[in-house]
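Notes for the structure review
Residue strings, one per chain:
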Amino acid sequence: MKIRGTVAAALASAGILLAGWQTGTQAGGISTVASSTTAAGTTGSTGTGSSGPGTSGSSGTAGTSGAAGPSSSSGTSGSSGSSGSSNSSAAGTYKGNTVQTRFGPVQVQITVANGKITDVTALQLTNTDGKSIQISNRAAPLLRSKVLAAQSANVQTVSGATITSDAYLTSLQAAIDAANL
Amino acid sequence: MQQTSDPQTATSTLKARTFQCMGTVIGLTMPVDSPEEGQPGFDELCAATAVVERLFRDLDETFSLYRPDSEASKLARGDLKLPQASAQMRERYAEAHEWRLRTEGAFTPERPDGVLDLSGIVKGHAIREAGTSLLALGRRDWCLNAGGDVLVSGSPHPERTQPWKAGVVDPADRRTLITGYPLGGNSRHAAIATSGSAERGEHIWRVGNGGEFVQVTVAAADIVTADVQATAIVAGGTRMLNRAADGWDVAVLAIRADGSMLATPGFQPS
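**Quick notes on the confidence of the model for chain B**
All names here are of chain B. On average, residues of chain B score 89 in pLDDT, and 89% of them reach the 70 mark or higher. A low-confidence stretch, residues 1–9 stays under pLDDT 50, and its non-local contacts, those more than four residues away or across chains, total 9 contacts. Here residues 199–203 scores under 50 on pLDDT; set against residues more than four positions off or in separate chains, the count is 17 contacts. Among the scores for the predicted complex, ipTM is 0.88 and pTM is 0.69.

Put into structure tokens, the structure is as follows:
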């Protein structure tokens, strides 16, 4: 469930990146559109450097693993090699641009094998506070045993379904209030 | 359930004042200090509680369906038509209807028999207004709990960013807590509300997957959103849960009758 949500978010971001890729192809003249899947696959990588040479920026990190193809295509600085290469050899992992979303900056990583996307992952980024950004708000099963006992310790207030004034007398909230009276 | 004493904050202690209204108990908790420290003293807590109580009582007089002479009762009986109702009655009706649209009917201000029932939004509204009043009074650090729906400001420890911590009741055993959630301070959310499928007074009408959850807790930046979404998810089941999680900045913990739980990342252990 959680994975599904993550993939959904990743695909949404990939969609945004696609726009960047389209402008990229126009500018750089790179046309690797072989099939629809690989088109999406090269999306992130070519999109990064679309605005010509010298604009490495964050895309400099894009190369990462994969690195199969020759990353020589002009204009696509730092973008993970794949772009110019043929479908068959376009294997590896590629990172896309960082996109601003409601949940903070999100970057998508795709894995390509045999010209097909085999995996899409949203990289967990950090914001300025150094806190992990949550990229999907989807609900997932929660095991009672997974909830740390510490999380319910030392509370100052209690949330529960509305209780009557009578039920309040025997409630946890009453005990907390009594301690603070 | 005693507070752990922290040597750094030994000068300020939490104090609470409670009163009964709207069929439940409302409590205001504030860190109280000696006046020379610049923190609110006990007198300020009592004064603040009096303001909150006045506000709750006024709203209860207008909106209670348990009072035959209230404006809400006159509307329910048909003695008064909505266009002739007071501005605040029409405002709450408009707000409730907006939520009905936004939740695709999972939250509604009307009972199946067509009687107008704004009780699902009035308590949240009262808490919201009380919070506004407390801030206007210059109170920065407080925790307001109205029958299990909570709005906080600031921190239990003045001058610090540590959030308040709200426990969530186990519906199977109300004497135990399932988990805790940070509110205020450096947390994204300041409000938390819990709805149950068998609770008093809240008229929850089920649509679609209703009945799936026996208790739903929602944390949000504001109390009305938290309260309405908790009610809507009890009524609308997983579909409404996903809709709420996708469309609003909320954290949700939903518990089924068999004790199994669904939680958005905010309620998942990190």
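**With respect to the interface of chain A and chain B**
In many analyses, interface size is given as the accessible surface area lost on bringing the parts together. Listed as interface residues are 35 residues of chain A and, on the opposing side, 58 residues of chain B. With 7 residues, helix 4 (residues 172–180) of chain A is the largest single contributor of residues to the side of chain A that touches chain B. In the side of chain A that touches chain B, the residues fall into 16 nonpolar, 15 polar and 4 charged. Two elements, strand 5 (residues 157–159) of chain A and strand 5 (residues 164–170) of chain B, share 3 bridges in a ladder whose sense is parallel. Each residue of the ladder has a partner; that of A:Val158, found in strand 5 of chain B, is B:Gly167.

**Here we look at the nonpolar core**
In this structure, B:Leu144, B:Ala191, B:Val218, B:Ile233, B:Val252 and B:Ala254 are the most contacted members of the largest nonpolar core, which totals 85 residues. Sort the elements by how many residues they give to this core and helix 5 (residues 223–247) of chain B lands first, with 13 residues. When sequence neighbours within four positions are dropped, the list of residues in contact with B:Ala254 reads A:Ala139, B:Phe213, B:Val216, B:Ile233, B:Leu241, B:Met261 and B:Leu262. Core analysis: the next-biggest nonpolar cluster, separate from the first, contains 7 residues, A:Ala91, A:Val106, A:Ile110 and A:Val120 among them.

**Some points on the sheet that holds strand 6 (residues 173–183) of chain B**
If you walk across this open sheet you meet the 3 strands as 5(A)-5(B)-6(B), and the pairing is mixed. Each of the sheet's edge strands pairs with one partner strand only, and the pair in question is strand 5 of chain A together with strand 6 of chain B. Each neighbouring strand pair of the sheet contributes to a mean axis angle of 35°, computed without reference to strand direction. Across the sheet, helix 4 of chain A is in contact with strand 5 of chain A together with strand 5 and strand 6 of chain B; its angle to strand 5 of chain A comes to roughly 165°.

The rules behind these values
- Residues numbered from 1 in each chain as written.
- Chains lettered and ligands numbered in written order.
- Predicted model: local features only at pLDDT ≥ 70, side-chain atom pairs only at ≥ 80, totals over all residues.
- pLDDT = per-residue confidence, 0-100.
- Contact = placed C-beta atoms within 7 Å.
- Helix = DSSP H or I, 4+ residues; strand = E, 2+ residues; numbered from the N terminus.
- Nonpolar A, V, L, I, M, F, W, Y, C, P; charged D, E, K, R; others polar.
- Pairing = 2+ DSSP bridges.
- Core = buried A, V, L, I, M, F, W, Y, C linked by C-beta atoms within 7 Å.
- Buried ≥ 20, exposed ≤ 12 C-beta atoms within 10 Å, placed from the backbone.
- Axes fitted to C-alpha atoms, helices over the stretch in contact; angles between N-to-C directions.

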